[in-house]
Amino acid sequence: MNIGIASEKSGLPSKTIRYYEDIGLLSPVRTDNGYRDYSVADVHRLRFLQRSRSLGFSVEECRQLLSLYRDKDRESADVKALAEAKLVEIDRKIAELVGLRGLLHRLVEHCQGDERPDCPIIDELAGPGTVQ
């Protein structure tokens, strides 16, 4: 199938599919005229990559997952280790976002939002000891 059909069946834009090919995540067969010819297995790999990316895995992590997927002698412990590492990263990001939300919430609460120029939001963004 051509890239347009592969895109439709996988739910990924053609540009993303070409990118995955460029970085070696996918290797469709080339026809005599140079066109890409995607197989059902290629589309399945594209869906696998799409789901992996939607769970927050990086391209390199997806490369590892795809390698494990292809390896029928894999150990599930290897897959679990990747997923656990991703969970730790997600938890760290959530904690960071909660902290940022709290800080921004406090700044908004302390800003009068009136016609005066004094603004704790601007002061925080400028940093300590900054002269305007």
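As a reminder, the structure under discussion sits directly above these lines.
Residues numbered from 1 in each chain as written. Predicted model: local features only at pLDDT ≥ 70, side-chain atom pairs only at ≥ 80, totals over all residues. Heavy atoms only, no water.

Novice: Got a minute to help me understand helix H5 (residues 76-110) in this structure?
Specialist: Side chains of residues three or four places apart in an α-helix project in the same direction, reflecting 3.6 residues per turn. If you check H5, its first and last C-alpha atoms are 51 Å apart, about what 35 residues at 1.5 Å a residue would give, namely 51 Å. If you check which residues of H5 are buried, you get Leu82, Lys86, Gly102 and Leu107. Lining the buried residues of H5 we find helix H4 (59-70) and helix H6 (120-126). (Helix = DSSP H or I, 4+ residues; strand = E, 2+ residues; numbered from the N terminus. Expected span 1.5 Å × (residues − 1). Buried < 20%, exposed > 50% of the residue type's maximum accessible area, 1.4 Å probe, protein only. Contact = heavy atoms within 4.5 Å.)

Novice: How should helix H1 (residues 3-10) be read in this particular structure?
Specialist: For H1, the complete set of buried residues consists of Ile3, Ala6, Ser7 and Ser10. When H1 is viewed along its axis, its buried side chains cluster within an angular range of 100° and face the same direction. Structurally, H1 contributes buried residues whose contacts are with helix H2 (14-22), strand E2 (36-37) and helix H3 (40-54). Measuring from the backbone nitrogen of Gly4 back to the side-chain oxygen at the start of H1 gives 3.0 Å, which picks out Asn2 as the cap. (Arc of directions from axis to C-beta. Polar contact = N/O pair within 3.5 Å; in protein donor to acceptor, adjacent residues only side chain to side chain.)

Novice: Quick question: what am I supposed to make of the nonpolar core here?
Specialist: If you look at the biggest cluster of nonpolar residues, it comprises 19 residues, and the most contacted ones within it are Ile17, Tyr20, Leu25, Tyr38, Leu46 and Leu49. Among the secondary structure elements, those contributing two or more residues to this core are H1, H2, H3 and H4. Broken down by element, this core gets its largest block of residues, five residues, from H4. Once you skip the residues sitting within four places of it in the chain, Tyr20 turns out to touch Leu12, Leu25, Leu26, Leu46, Leu49 and Arg53. (Core = buried A, V, L, I, M, F, W, Y, C linked by side-chain atoms within 4.5 Å.)

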